[in-house]
Amino acid sequence: MKEQLEALNSVILNFGEGGMMIVNIILAFVMFGVALGIKPGTFKDLLKNPKSVIVGVLLQWIALPAVTFLIALALSPMITPMIALGMLLVASCPGGNISNFMSSLSRGNVELSISMSAISTAFAPLITPFNFFFWGTLYSQVVSLRSDIPTLVIPFFPMLEQILLLLGVPIVLGLIFARYFPNATKKITKPAQVFSILLFLGMVIVSFSQNFQLFLDNIFYVFFIVLIHNAAALGSGYLGAKLAKVSQADRRSLTIEIGIQNSGLGLVLLFNPAIFPPEIWHGHYGGMLFITAWWGIWHIISGLTVSSLFRRTPLTE
């Protein structure tokens with residue numbers, strides 16, 4: 001298995017300067033669309049019932065990366081360091097905005113889901129680079145003690161700088177637009193979010209089209225790893241919420257929220273040579289790309305499945 005996964009590391013996606021500009025514009029548009037859905041009263045409502053939100057933040061920012069780190073260590077004899085770092089990158093990303101729809105489908109607390117998405121997205125410029133740096137460096141150091149792999153240099157300040165530009169600016173612009181143009185915001189929010197997601201999916205398909213056969217050759221292994229990781233994320237959300245004794249509706253929303261990650265952000269970060277310079281990483285981070293890309297597909301399938309199962313079970317509290 002490990003030898004098979006090594007083949008993924010040779011994949012290099014070179015967009016060139018013009019291509020990277022398009023990628024960054026697409027991500028900025030995606031985050032602008034996400035910000036349009038953040039209502040000014042969202043954060044005020046948190047003060048009324050903060051328990052579930054605090055539990056969700058702890059699960060999203062601390063529990064999920066920690067659980068991912070332990071899974072990566074347990075699988076280290078079978079997976080490559082790049083695969084493990086891909087898992088940690090996904091776990092460091094904020095929640096995906098599709099979780100709001102899934103929370104509604106599961107009869108969960110939609111307001112809680114929206115609040116969680118808003119918080120994790122708003123603080124992503126700081127939390128994402130910190131978590132990836134901390135857990136990625138720790139993993140690299142621990143695994144280096146067990147084998148001959150070199151200690152990898154995990155970027156922090158380059159990622160922080162790029163995410164502040166890629167996320168911070170469009171989020172602020174989206175919030176300002178929603179504040180001063182509420183009527184226009186109502187009309188364009190849904191189309192903007194749908195269009196941005198379609199744009200990004202198209203970009204991913206085009207990016208990986210030249211390596212599609214390589215992906216098919218390794219789909220079983222990639223599927224297996226993401227299946228375990230995503231199941232652990234969903235399980236962490238459910239178990240953490242249950243231990244915190246939040247309501248059943250809140251438990252459903254937190255399960256979905258922790259299991260749905262903005263892996264699209266992870267891909268854009270990997271595409272960015274300012275964050276992952278080819279001369280330092282030697283272009284060998286294809287494993288991270290494939291794990292992150294497949295997560296983006298699988299979490300939609302698993303999330304809809306879990307939401308449908310929740311929906312069939314009546315709320316008893």
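Structure shown above.
Right, let's walk through the structure included here. Just so we're clear, the structure is a prediction, and the values are computed from it rather than from any experiment.

Our next topic: the overall build of the protein. Looking only at helices and strands, the protein features 15 helices and 0 strands. Considering the protein as a whole, with its 317 residues, one finds that 54% of them fall into the buried category. Counting contacts in the protein only where the partners sit at least 6 residues apart, residues at least 24 apart contribute 86% of the total. When the accessible surface of the protein is split by element, carbon and sulfur atoms take 70% of a total near 14600 Å².

The next thing to look at is a nonpolar patch on the surface. Residues L165, V169, V172, L173, I176, Y180 and F181 make up a contiguous nonpolar surface patch of roughly 700 Å² in combined accessible area. Its location among the elements puts Y180 in helix α9 (residues 157-180).

This paragraph deals with the nonpolar core. One recurring pattern in soluble globular proteins: nonpolar side chains tend to sit buried together. Counting residues in hydrophobic clusters, the biggest one holds 66 residues, and the most contacted among them are F132, Y139, M159, L167 and M288. Those residues within four positions of M159 in sequence are excluded, and the remaining contacts are L89, T128, P129, F132, L269, I275 and F276. Residues M102, L234, I256 and F310 belong to the second largest nonpolar core, which totals 6 residues.

Relative to each other, helix α5 (residues 81-92) and helix α15 (residues 286-312) sit at 40°, their axes nearing to 7 Å. One element, α5, and the other, α15, form an angle in the oblique class. In this structure, α5 crosses over α15, and the sense of that crossing is right-handed. Contacts between α5 and α15 involve M82, I83, L85, G86, M87, L89 and V90 from the former and G287, M288, I291, T292 and W295 from the latter. Partitioned by chemical class, the residues of the contact of α5 with α15 number 9 nonpolar, 3 polar and no charged.

Let's shift gears to the packing of helix α4 (residues 50-75) against α5. Put simply, α4 and α5 touch, their axes get as near as 9 Å, and they point 170° apart. Classed by the angle they form, the pair α4 and α5 counts as roughly antiparallel. Side by side, α4 and α5 meet where Q60, L64, P65, T68, F69, I71 and A72 of the first sit next to A84, M87, L88 and A91 of the second. Class assignment of the residues belonging to the contact of α4 with α5 gives a composition of 9 nonpolar, 2 polar and no charged.

Right, let's get into the side chain of S117. Within the secondary structure, S117 is located in helix α7 (residues 110-122). Accessibility expressed as a relative area gives 6% for S117, which makes it buried. In this structure the side chain of S117 is engaged in a polar contact, spanning 3.0 Å, whose partner is the side chain of N100. Ignoring anything within four residues of it in the chain, the contact list for S117 reads G96, S99, N100 and E257.

Moving on to helix α12 (residues 248-259). With 12 residues, α12 should cover 16 Å at 1.5 Å per step; its first-to-last C-alpha distance of 17 Å lies within 8% of that length. For α12, every residue scored as buried is listed here: Q248, A249, D250, R251, R252, S253, L254, T255, I256, E257, I258 and G259.

Here α4 is 26 residues long and its end C-alpha atoms lie 36 Å apart, about the 38 Å a rise of 1.5 Å per residue gives. Taking the largest bend as the criterion, α4 deviates by roughly 40°, centred on L59.

The residue T80 is located in the loop between α4 and α5 in this model. Take T80: its relative accessible area is 0%, and that puts it in the buried class.

Examined against the element boundaries, S263 turns out to sit in helix α13 (residues 263-271). Overall, S263 belongs to the buried group, its relative accessible area being 5%. Sequence-distant contacts of S263, that is, excluding residues within four places in its chain, are made with T292, W295, G296 and H299.

What follows deals with the packing of aromatic side chains. Applying the stated criterion across every chain yields a total of 7 aromatic pairs. Between F130 and F134, the ring centres sit 6.1 Å apart and the planes meet at 15°, which makes this aromatic pair stacked. Separated by 4 residues within a single helix, F130 and F134 lie in helix α8 (residues 124-146), roughly one turn from each other. Consider the rings of F177 and F181, whose centres lie 5.1 Å apart with planes at 35°: the pair is tilted. Members of the aromatic cluster, each reached through a chain of ring pairs, are F69, F130, F134 and W135.

Positive phi, close to 65°, is recorded for R107, a residue that is not glycine. Among the secondary structure elements, R107 is positioned in the loop between α6 (99-105) and α7. Located in the positive-phi region is K245, a residue other than glycine, with phi close to 60°. Residue placement: K245 occurs in the loop between α11 (212-243) and α12. Taking the relative accessible area as the measure of exposure, K245 reaches 69% and is therefore exposed.

What counts and what doesn't
Residues numbered from 1 in each chain as written. Predicted model: local features only at pLDDT ≥ 70, side-chain atom pairs only at ≥ 80, totals over all residues. Heavy atoms only, no water. Helix = DSSP H or I, 4+ residues; strand = E, 2+ residues; numbered from the N terminus. Buried < 20%, exposed > 50% of the residue type's maximum accessible area, 1.4 Å probe, protein only. Contact = heavy atoms within 4.5 Å. Areas by Shrake-Rupley, 256 points an atom, 1.4 Å probe, with all protein chains shown as cover. Patch = residues over 30% accessible without salt bridge, like charges linked within 9 Å, V, L, I, M, F, W, Y side chains within 5 Å. Salt bridge = Lys/Arg side-chain N within 4 Å of Asp/Glu carboxyl O. Core = buried A, V, L, I, M, F, W, Y, C linked by side-chain atoms within 4.5 Å. Axes fitted to C-alpha atoms, helices over the stretch in contact; angles between N-to-C directions. Parallel < 35°, antiparallel > 145°, perpendicular 65-115°, else oblique. Left-handed = near helix turned anticlockwise from the far one by under 90°. Nonpolar A, V, L, I, M, F, W, Y, C, P; charged D, E, K, R; others polar. Polar contact = N/O pair within 3.5 Å; in protein donor to acceptor, adjacent residues only side chain to side chain. Expected span 1.5 Å × (residues − 1). Bend = angle between axes of the 7 residues up to and from the residue. Phe/Tyr/Trp six-rings, centres within 6.5 Å; stacked < 30°, edge-to-face > 60°.

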